[in-house]
Amino acid sequence: MTKNLTINQRLNSNLFPVGVATSSFQIEGARDGREASIWDTFCATPGAVKDGSDGNVACDHIHRWQDDIELVSSLGFDAYRFSVSWPRIMKACGSVNQTGLAFYVDLLKALKDKGLKAYVTLYHWDLPQYLEDKGGWLNRETALAFAEYVDVVSKAFNGYVDCYATLNEPFCSAYLGYEIGVHAPGKVGKQFGKKAAHHLLLAHGMAMQVLRRNAPDVTSGIVLNFTPYYASTASEADAAAAKLAHDHHNDWYVKPVLTGCYPDILHTLPENEKPDIHDGDLALINAPLDYLGVNYYTRSFVAACSHDGFRILPPAADAPVSAMGWEIFPNALRDLLLQLHRDYDLPPVQITENGMACDDALINGEVDDPVRVQYLQDHMNAVAEAMEAGVDVTAYFVWSLLDNFEWAEGYLKRFGIVYVDYDTQQRIPKRSALALQRWLTRRKASN
Ligand code: NCW
């Protein structure tokens, strides 16, 4: 028997949307219907993606979207979070790909017909390659191009969107993509990371202006990933290292967005690592938000290190970990929310991603994933505890609806609550999906 989910009462109200999330490059496929993105180029680079795969077909969602949305609806979710592929909308020549735009408009109409709320992410890492050819996020012009794309999309989607996110996890785009090179576009150099991050944040600020003009009634904000950093020992040096890691990876993004200032480490960066900040940039980046999106998966331990100031350690040998090797530690989600609440004048918070990769196997037509069921239950309870302590959390999304292209891991890691058989494209709800379905159905009936 699948375990029943027991969730705190506040999460048990229908007024609290529970949804499931995906992103364009990870599920869509249909490479021929759009411009190339940096992820197509990265996938074609030998050794960049572990299984040598690409996003050409992925979950073939472009051809199966109606079934996929029916799945979201039949599982009982209130909301669907997905991203729009920039290279499916804006052609290299500057004109709009009307077929690409129509795809998303049809999707949005179908969501409305089914009574599902639409949470639209405008950038989930698939930058058009033609912009990367001009410097990508190292070029300030990319932020202006993003604002133009957001203008097109937000006009075309008028009336169909419940919530916009400008960017998903700019830390990943900037640090993984331009500093350590493990994600597209694969650039490596300490001199790149903070420059790319600033242009991403600027793009966010410019997009917020566009959204306020074109979609004044839509809830708009940004989605950031947070890795709470814990000192590996009680030493002062390790405590300082954990704070430094937090400043570079978490606060570098949330602080300018919520206060208009970068963390003080800005002033200690070598000149060639400093971002190119123009007058007025931070005011734009600090545009008022309707919500802050928080993606949480894991915590990390940090030790002092003479080279970089901090070193991130692997989880302890006896710690429970996901198939990604990420420690499973739900209390860090509660503590993260409480810390954000203490440190900032927070807007309402949405948990925009939470979930785990498991070594799922299809056996006799079923996928039993009890560890994921427990993970989701424990993390929702952690969210409920933070809410009890005064944090205003207004939505929760599971990552992800489907097993999909897990970036540099290719198709080797399965985050879905629905199993995808990539040979047949068959979707098989895992036990976690069925457990959520039972809870959500009960919740609907009791409200
Ligand atoms: S890799 C990552 N993910 C997964 C991905 O499928 C999704 O598109 C993302 O939004 C699941 O959720 C996010 N996030 C990266 C986490 C940070 C890695 C930290 C490396 C530190 C050195």
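For clarity, every value in this text was computed on a predicted model and none was experimentally measured.

Draft legend 1. Representation of the site of the ligand. Not every one of the 14 residues close to the ligand is listed here, only the nearest: Gln26, His124, Tyr297, Glu353 and Glu406. At 2.8 Å, a side-chain N or O of Gln26 approaches an oxygen atom of the ligand. The contact in question runs from an oxygen atom of the ligand to an N or O atom on the side chain of Tyr297, over 2.6 Å. Starting from 540 Å² of accessible surface for the ligand in isolation, the protein chains cover 84%. Along the lines of polarity and charge, the residues of the shell around the ligand split into seven nonpolar, four polar and three charged.

Draft legend 2. Geometry of the layout of surface pockets. Estimated volume of the largest pocket: approximately 920 Å³. Around the largest pocket sit 39 residues that line it, and Leu176, Thr227, Thr298, Met324 and Trp326 are the ones nearest its centre. Only helix 8 (170-178), strand 5 (219-226), strand 7 (291-296), strand 8 (300-305) and strand 9 (309-313) provide two or more residues apiece to the lining of the largest pocket. In terms of residues, the lining of the largest pocket owes the most to one element, helix 8, which gives four residues. Among the residues making up the lining of the largest pocket, the classes are represented as 22 nonpolar, eleven polar and six charged. Taken as a whole, the second largest pocket encloses approximately 370 Å³ of empty space. As for the second largest pocket, its lining consists of 18 residues, and the residues nearest its centre are Glu179, Lys190, His248, Asp308 and Phe310.

Draft legend 3. Structural context of the pairing of strand 7. Taken across its six residues, strand 7 has six buried, putting it largely inside the fold. By the alternation rule, side chains of strand 7 split into Tyr291, Gly293 and Asn295 and Leu292, Val294 and Tyr296, which are all buried. When strand 5 meets strand 7, the two strands line up parallel, connected through six bridges. Its bridge partner lying in strand 7, Phe226 is registered against Tyr296. Summarising the sheet, strand 7 and strand 10 (residues 349-353) pair through four bridges and their orientation is parallel. Across the sheet, residue Val294 finds its bridge partner in strand 10, namely Ile351.

Draft legend 4. Region of the structure containing the pairing of strand 8. Across three bridges, the pairing between strand 6 (residues 229-231) and strand 8 is parallel. Opposite Tyr230, over in strand 8, you have Phe301 as the bridge partner. Pairing analysis gives five bridges linking strand 8 to strand 9, with the strands arranged antiparallel. Looking at the pairing, Ala304 lines up with Phe310 of strand 9. Hairpin connection of strand 8 to strand 9: three residues between the antiparallel strands.

Draft legend 5. Structural view of the environment of Asp360. Positionally, Asp360 belongs in the loop between strand 10 and helix 13 (370-388). Judged by relative accessible area, Asp360 falls into the buried class, the value being 11%. For the pair formed by Asp360 and Ala435, sequence separation is 75 residues and the distance between their alpha carbons is 16 Å. Not counting chain neighbours up to four residues away, the residues in contact with Asp360 comprise Val367, Asp369, Arg372, Arg414, Tyr419 and Lys430. Reaching out from Asp360, the side chain makes a polar contact with the side chain of Arg372 at a distance of 3.0 Å. Side chain to side chain, Asp360 and Lys430 meet in a polar contact 2.6 Å long.

Draft legend 6. Just the packing of aromatic side chains, in detail. The final tally for this structure, using the stated rule, is 31 aromatic pairs. Look at Phe171 and Tyr175: their rings are 5.0 Å apart centre to centre, the planes differ by 20°, and that puts the pair in the stacked class. Remark: Tyr175 and Phe171 occur in helix 8; sequence separation between them is four residues, near one turn of the helix. Classification of Tyr175 as partly exposed rests on a relative accessible area of 21%. Taken together, the ring pairs in this structure connect Phe25, Trp39, Phe42, Trp125, Phe405, Trp407, Tyr411 and Tyr422 into an aromatic cluster. A cation over a ring is seen here: Arg443 above Trp439, with NZ or CZ 5.5 Å from the ring centre.

Draft legend 7. Quick look at the sheet that holds strand 7. Pairing within the closed barrel is parallel, and its eight strands lie in the order 1-2-3-4-5-7-10-11. Pairs of neighbouring strands in the sheet enclose a mean axial angle of 25°, with direction left out of account. Judged from the three bridges that link them, strand 10 and strand 11 (residues 393-399) form a sheet pairing that is parallel. Residue pairing for strand 11: Val349 is matched across the bridge by Val393. Sheet strands in contact with helix 13 are strand 7, strand 10 and strand 11, and its direction is about 165° off that of strand 11.

Draft legend 8. Fine view of the pattern of salt bridges. Going through the model one piece at a time under the given rule, you end up with 28 salt bridges. For the salt bridge of Arg81 with Glu353, the shortest nitrogen-to-oxygen distance reads 2.9 Å. Highlighted residues: Arg81 in strand 2 (residues 79-83) and Glu353 in strand 10, separated in sequence by 272 residues. Taken individually, Arg81 and Glu353 each receive the classification buried, so the pair is uniform in this respect. Linking Arg372 and Asp369 is a salt bridge whose minimum nitrogen-to-oxygen distance equals 2.8 Å. Asp369 matches Arg372 in its accessibility class, with the two residues each being buried.

Conventions we followed
Residues numbered from 1 in each chain as written. Predicted model: local features only at pLDDT ≥ 70, side-chain atom pairs only at ≥ 80, totals over all residues. Heavy atoms only, no water. Near = heavy atom within 4 Å. Polar contact = N/O pair within 3.5 Å; in protein donor to acceptor, adjacent residues only side chain to side chain. Areas by Shrake-Rupley, 256 points an atom, 1.4 Å probe, with all protein chains shown as cover. Nonpolar A, V, L, I, M, F, W, Y, C, P; charged D, E, K, R; others polar. 1 Å grid on protein atoms, 1.4 Å probe; cavity = no way out; pocket = protein on both sides within 12 Å on 5 of 7 lines; lining within 4 Å. Points joined across faces, edges and corners; volume = space filled by probe spheres on them. Helix = DSSP H or I, 4+ residues; strand = E, 2+ residues; numbered from the N terminus. Buried < 20%, exposed > 50% of the residue type's maximum accessible area, 1.4 Å probe, protein only. Pairing = 2+ DSSP bridges. Contact = heavy atoms within 4.5 Å. Phe/Tyr/Trp six-rings, centres within 6.5 Å; stacked < 30°, edge-to-face > 60°. Lys NZ or Arg CZ within 6 Å of the ring centre and 35° of its normal. Axes fitted to C-alpha atoms, helices over the stretch in contact; angles between N-to-C directions. Salt bridge = Lys/Arg side-chain N within 4 Å of Asp/Glu carboxyl O.

Everything listed here is a matter of geometry and, on its own, says nothing about what the molecule does.
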